[in-house]
Amino acid sequence: MNKKNDQYMSQLPDNWINGYFGRGVYLILSALVSAPIYLAIEAYVRSIDVHKDEAVAAVATGCFIAGVFAGRYIAQIWSAGKRSIPNTLLIGLIILIVANISWLFFHADFPLEGRAAINLLLFWLPFVIVSLALGILIKLIRTVTQNQLQEAQTSAANSQSELQLLQSQLSPHFLFNTLNNLYGLSISQHEKIPPLLLKLSDLLRYSVYDVKETFVPLIDELAYINNYIDFEKIRIGDRLELSIDIENVVRTDIKIAPMLLIVFIENAFKHSKNTTSEKIFIEIALKTWGKMILFSLKNSYNKPKLEPANSGGLGLENVNKRLALLYPVEHVLDLQTTDDFYTVSLQLKMK
Amino acid sequence: MTSYNCLIVDDEPIARDIVQTYCGHLPNLHVIATCGNALEAKAIMQTQRIDILFLDINMPVLDGIAFLKTLKTQPQVIFTTAYKEHAVDAFDLSACDYLLKPFSLDRFIVAIDKAVEKLSLDVINTSSTVKKDDYIFIRFDGKYIKFNTGIYFMPKRMATIPRLLPDKA
């Protein structure tokens, strides 16, 4: 955002000549528009029977362009540092321009008889006002659109950083407990360690590097989920009764938001572990169907007696926000709780 | 050599195995049982005397800290956890030591030494064999404090000792 501001500030004049004419492209633009303006003024001047109409039209065109630049300069000084420009001001300027142009034509048809000096004033004054007002109007409209553009960019940047915040990361508790399990295995069953270390590196690599993308291949996310489940199996041991039915996705063009499904899986393990019952039941299923990814999950749990039943925790709240940001009207999430089981069903559109 | 009864409470089987293996290296430690949650541990502690308790914090239903609060007579508690955040709570409950998983055998032995030291203090505390006019030296805060058993009542908890002393001994 600061960078944007710097760019914006650098457009402000460092000396008045630069400030007056702005960028060089404006001079080229004004050379281009001066031709039709010249023709229009020449036609106007000829209609009121002025001698040397070509010379007068040329001077008037020059004055007009200078007036536009002067108006632009005034607006630039006035609007510097102003965040918003009132719409009424813009409308007022448009009305002023239209009124003055109308007056010029009206006055051309009905000049005051025999009063040359006043007639001249009644021509030149509206003419100068039109050119100044046009310059101001152009500059202000440009400022308004620039401000709007900047706001849009800022809010886009905000929602991007919000997304990153909402994104679930590998929890340090999971990591340290897993390291402890690997440590334990390395003492008693060291032959199991090498493949597990490779899996842990994959897990870390994915959660550190790959999740920076907004969408990742589903195949990668599923590999992460499978690795995660393998480590949870080791952590829980015999208590776990797990049934997994994850489709073997081979297409690499199916994409999904990273670390989204894993939040549900983490929750399932966390809540189903939190019982004293002999066994933990978890069912995980994932299918692709047409343009949809279908995910469902069921886990045993003890209904908390003290907490409110719908307290899904921060993770779930973040998932909801992410779904709303990334899959607006492209997802269906259904959470159900019974006395002994918690079920999640999520349908997502493939990206 | 005095033998100490130990109880291991952790919901992860491998974590329990590690502590059990470590205890096996020290002949004076006798592992009574290992349990996967605090409620099982509570049941065991009602039937047996436990000297040293290895306690995980994040456990199903009743966590380690809450469990410790339910105990009337506390054994020497050594927390074993991956959670650094709870250290302050743990020491508030006068935990003996706090081991961050994964921990080495060396670090484990340091924790056991602390527990044994405290336990032997408790033995002096509770035994009636100390004669009148005997002196007891207690290491406290790096210094030795001399107690004349004939004058001072021996407090159960170390934390109350400084308040009972007249001035620096």
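As the structure is a computational prediction, the values presented were derived from the model and not from experiment.

What counts and how
Residues take numbers from 1 onward in each chain, read along the sequence in its written order. As a convention, the first chain written is A and the first ligand written is 1, with the rest following in written order. Per-residue local features of the predicted model are confined to residues with pLDDT of at least 70, and side-chain atom pairs are confined, for both listing and counting, to 80 or more; whole-chain, interface and lining totals are unaffected and use all residues. Values reported for side chains reflect all heavy atoms of the structure, with hydrogen atoms and water molecules removed beforehand. Secondary structure counts use DSSP, requiring at least four H or I residues in a row for a helix and at least two E residues in a row for a strand, with both numbered from the N terminus. We call two residues contacting when some pair of their heavy atoms lies within 4.5 Å. Nonpolar cores are built from buried Ala, Val, Leu, Ile, Met, Phe, Trp, Tyr and Cys residues. Side-chain atoms within 4.5 Å join them into one set. Exposure classes here rest on a 1.4 Å probe applied to the protein chains alone. A residue is buried below 20% of its type maximum, exposed above 50%, and partly exposed in between. Multiplying one less than the number of residues by 1.5 Å gives the expected span of a helix. UniProt positions are given in the numbering used here, feature names are shortened, and annotations may be inferred rather than shown by experiment. Aromatic pairing here means that ring centres of Phe, Tyr or Trp (its six-membered ring) are within 6.5 Å. Orientation follows from the plane angle: under 30 degrees is stacked, over 60 is edge-to-face, and everything else is tilted. The rule for a salt bridge is simple: a side-chain nitrogen of Lys or Arg has to be within 4 Å of a carboxyl oxygen of Asp or Glu. As a working definition, buried area equals the accessible area (1.4 Å probe) given up by two parts on being put together, with both sides summed. Distance and chemistry together define a polar contact, namely a pair of N or O atoms within 3.5 Å, with one atom able to donate a hydrogen and the other to accept it when in protein, and with adjacent residues in sequence counting only for side-chain atoms on both sides. Amino acids are sorted into nonpolar (Ala, Val, Leu, Ile, Met, Phe, Trp, Tyr, Cys and Pro), charged (Asp, Glu, Lys and Arg) and polar (every other residue, Gly among them). Strand pairing is assigned whenever DSSP identifies at least 2 bridges connecting the two strands. For helices, the axis comes from a line fit to the C-alpha atoms of the stretch in contact; other axes are also lines fit to C-alpha atoms, and the angle between any two N-to-C directions lies between 0 and 180 degrees.

Draft legend 1. Main features of the side chain of asparagine 100 of chain A. The residue asparagine 100 of chain A is located in helix 5 (residues 87-109) in this model. Sequence-distant contacts of asparagine 100 of chain A, defined by excluding residues within four places in its chain, comprise Pro126, Ile129 and Val130 of chain A.

Draft legend 2. Main features of the nonpolar core. Counting residues in hydrophobic clusters, the biggest one holds 76 residues, and the most contacted among them are Ile265 of chain A together with Ile52, Phe54 and Phe108 of chain B. With eight residues, helix 9 (residues 218-236) of chain A is the largest single contributor of residues to this core. Excluding residues that lie within four positions of it along the chain, phenylalanine 54 of chain B makes contacts with Cys6, Leu7, Ile8, Val9, Val19, Cys23, Ile78, Thr80, Phe108 and Ile112 of chain B. By size, the runner-up hydrophobic cluster in this structure holds 28 residues, among which are Tyr20, Ile37, Phe69 and Ala70 of chain A.

Draft legend 3. Molecular detail of helix 1 (residues 13-25) of chain B. Helix length check: helix 1 of chain B, at 13 residues, gives a terminal C-alpha distance of 19 Å against a target of 18 Å (1.5 Å per residue), a fit within 8%. Three or more residues of helix 1 of chain B are buried, namely Pro13, Ile14, Ala15, Arg16, Ile18, Val19, Tyr22 and Cys23 of chain B.

Draft legend 4. Quick peek at the UniProt feature "transmembrane region" (unreviewed entry) in chain A. All names here are of chain A. According to UniProt, the "transmembrane region" (unreviewed entry) feature falls on residues 20-41, 56-75, 87-106 and 118-138. Secondary structure across residues 56-75 divides into 100% helix and 0% strand, with the first and last C-alpha atoms of the span separated by 28 Å. Strand forms 0% of residues 87-106 and helix 100%; the C-alpha atoms that close the span are 29 Å apart.

Draft legend 5. Molecular detail of the packing of aromatic side chains. All names here are of chain A. For the structure shown, the criterion picks out 21 aromatic pairs over all chains. Arranged with centres 5.1 Å apart and planes meeting at 75°, the rings of phenylalanine 123 and tryptophan 124 form a pair that is edge-to-face. On the basis of relative accessible area, phenylalanine 123 is assigned to the buried category, the value being 12%. A relative accessible area of 28% places tryptophan 124 in the partly exposed class.

Draft legend 6. Up close: the pattern of salt bridges. Under the criterion given, the structure shown has 15 salt bridges over all chains. With its nearest N and O atoms 3.2 Å apart, the salt bridge here joins aspartate 253 of chain A to arginine 251 of chain A. Taking the relative accessible area as the measure of exposure, aspartate 253 of chain A reaches 48% and is therefore partly exposed. Residue class for arginine 251 of chain A comes out partly exposed when judged on its relative accessible area of 45%. Note that aspartate 10 of chain B is salt-bridged to lysine 101 of chain B, the shortest N-O span being 2.8 Å.

Draft legend 7. Molecular detail of the interface of chain A and chain B. With 19 residues of chain A at the interface, the matching set in chain B holds 21 residues. Contact with chain B buries area across many residues of chain A, yet His173, Asn180 and Thr276 of chain A alone supply 33% of it, more than any other trio. Joining chain A to chain B, the criterion identifies one salt bridge. Summed over the shared surface of chain A and chain B, the result is six residue pairs in polar contact (both at pLDDT 80 or more). Put simply, the parts of the chain that give the side of chain A that touches chain B at least two residues each are helix 7 (172-188) and helix 9 of chain A. Residue contributions to the side of chain A that touches chain B peak at 10 residues, all from helix 7 of chain A. In terms of residue class, the side of chain A that touches chain B is built from seven nonpolar, nine polar and three charged.

Draft legend 8. Highlighting helix 10 (residues 261-273) of chain A. Residues and elements named next belong to chain A. The terminal C-alpha atoms of helix 10 lie 19 Å apart, and with 13 residues this matches the ideal 18 Å at 1.5 Å per residue to within 8%. The element helix 10 is extensively covered by neighbouring structure, given that 11 of its 13 residues are classed as buried. Leu261, Ile262, Val263, Phe264, Ile265, Glu266, Asn267, Ala268, Phe269, Ser272 and Lys273 are the residues of helix 10 that are buried.

Draft legend 9. How the structure looks around the sheet that holds strand 2 (residues 29-35) of chain B. Residues and elements named next belong to chain B. Strand order in the open sheet made by the five strands is 2-1-3-4-5, with parallel pairing throughout. Taken across any chain shown, the strands that pair with only one partner, and hence form the sheet edges, are strand 2 and strand 5 (97-100). Each strand of the sheet is rotated relative to its neighbour by a mean of 20°, with strand direction disregarded. Bridging between strand 3 (residues 52-55) and strand 4 (residues 76-81) involves four bridges; their strand directions are parallel. When the sheet's bridge partners are listed, leucine 55 is paired in strand 4 with phenylalanine 79.

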